[in-house]
Amino acid sequence: MISRTASCHCGQLDLTCAGEPRKISMCHCVQCQRRTGSLFSVAVFYARDQITIEHGTTHSFERQSASGSTVAFHFCPQCGSNLFWEPARMPHLIGVAAGAFADPGFPLPEQAVWMKESHPWLTLPDGIAIFDANPPPRA
């Protein structure tokens, strides 16, 4: 079984993610833009039982998401890296920051959400499903 490690910038906090992710999603909402300091966030969603905190501690910050549900963000108290989050809208999943894997060969996101808040000059790769807000729930 494949296993990936996600780490914060200073290395104090490490997660192991076992198996393949459930989905990989780009979010273009203004809140994710502010949180990442970039134009979007790339979330790698795993089932809760696929993730183990190997070492380190986190601080957390909870806020309303663009869809109105709460999200608890967990970050390194030393370097501030936002490593993972728990969306109340999808309680069975945990999102992990794709950049925390430090893997340029990481798979392409399958979807881009909250495109109505995206920067109009940003071009996405072909084959990504695009949604103005949240996608419909999966069966």
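Each remark here, short or long, concerns the structure printed above.
Being a predicted model, the structure only gives us computed values, none of them experimental. The written sequence of each chain sets the order in which its residues are numbered from 1. It should be noted that, the model being predicted, local features are given only for residues of pLDDT at least 70 and side-chain atom pairs only at 80 or more, the latter also being counted only at that level, while totals for whole chains, interfaces and linings use all residues. With hydrogens and water set aside, each side-chain value is computed from the structure's full complement of heavy atoms.

Peer 1: Talk me through the side chain of His74; I want residue IDs and the actual numbers.
Peer 2: Relative to the helices and strands, His74 resides in strand S7 (residues 70–75). Residue exposure (1.4 Å probe, protein chains only): buried if accessible area is under 20% of the type maximum, exposed if over 50%, otherwise partly exposed. Under the relative-accessibility criterion, His74 is labelled buried at 12%. The definition of a polar contact used here is a pair of N or O atoms within 3.5 Å, where within protein one atom must be able to donate a hydrogen and the other to accept one, and adjacent residues in sequence count solely through side-chain atom pairs. At 2.6 Å, the side chain of His74 forms a polar contact with the side chain of Glu86. Only heavy atoms matter for contacts: two residues are in contact if any of them lie within 4.5 Å across the pair. Discounting residues that sit within four places of it in the chain, His74 has contacts with Thr58, His59, Ser60, Ser81, Asn82, Leu83, Phe84, Trp85 and Glu86. Numbering goes from the N terminus for both helices and strands, where a helix is a DSSP run of H or I of at least four residues and a strand is a run of E of at least two.

Peer 1: So, the packing of aromatic side chains: which residues are in play, and what are the values?
Peer 2: The description of two aromatic rings rests on the distance between their centres and on the angle between their planes. Think of it this way: a Phe, Tyr or Trp ring, Trp meaning its six-membered ring, pairs with another when their centres are within 6.5 Å, and the plane angle makes it stacked under 30 degrees, edge-to-face over 60, tilted otherwise. In this structure the tally under the stated criterion is 3 aromatic pairs. Ring geometry for Tyr46 and Phe101: centres 6.5 Å apart, planes at 55°, overall tilted. Of this pair, Tyr46 sits in strand S4 (residues 41–47) while Phe101 sits in the loop between strand S9 (93–97) and strand S10 (111–113); the two residues are 55 residues apart in sequence, bridging distant segments of the chain. Of the two residues, Tyr46 and Phe101, neither departs from the other in class, the shared state being buried. With centroids separated by 6.0 Å and ring planes inclined at 45°, the aromatic side chains of Phe73 and Trp85 adopt a geometry described as tilted. Of this pair, Phe73 sits in strand S7 while Trp85 is found in strand S8 (residues 82–87), placing the two residues 12 residues apart along the sequence. Here Phe73 falls in the buried class, since its relative accessible area comes to 5%. With relative accessibility at 5%, the residue Trp85 sits in the buried group. Ring pairing ties together the aromatic residues Tyr46, Phe101 and Phe106, which thus form one cluster. In this scheme, the term charge over a ring applies when either NZ of a lysine or CZ of an arginine sits within 6 Å of the ring centre and within 35 degrees of the ring normal. Above the face of the Phe45 ring, Lys23 is positioned so that its terminal group lies 5.4 Å from the ring centre. Positioned over the ring face of Trp85 is Arg35, at 4.4 Å from the centre of the ring.

Peer 1: Please set out the nonpolar core residue by residue, giving values where relevant.
Peer 2: It is characteristic of soluble globular proteins that their nonpolar side chains tend to be buried jointly. Here, the term nonpolar core denotes a set of buried Ala, Val, Leu, Ile, Met, Phe, Trp, Tyr and Cys residues that are joined through side-chain atoms within 4.5 Å. Grouped together as the largest cluster of nonpolar side chains are 26 residues, with contacts concentrated most on Val96 and Phe101. Listing elements by their share of this core, those giving two or more residues are strand S2 (14–18), S4, S7, S8 and S9. Sequence-distant contacts of Val96, that is, excluding residues within four places in its chain, are made with Ala6, Leu15, Cys17, Val42, Ala43, Val44, Tyr46, Ile51, Leu83, Phe84, Trp85 and Phe101.

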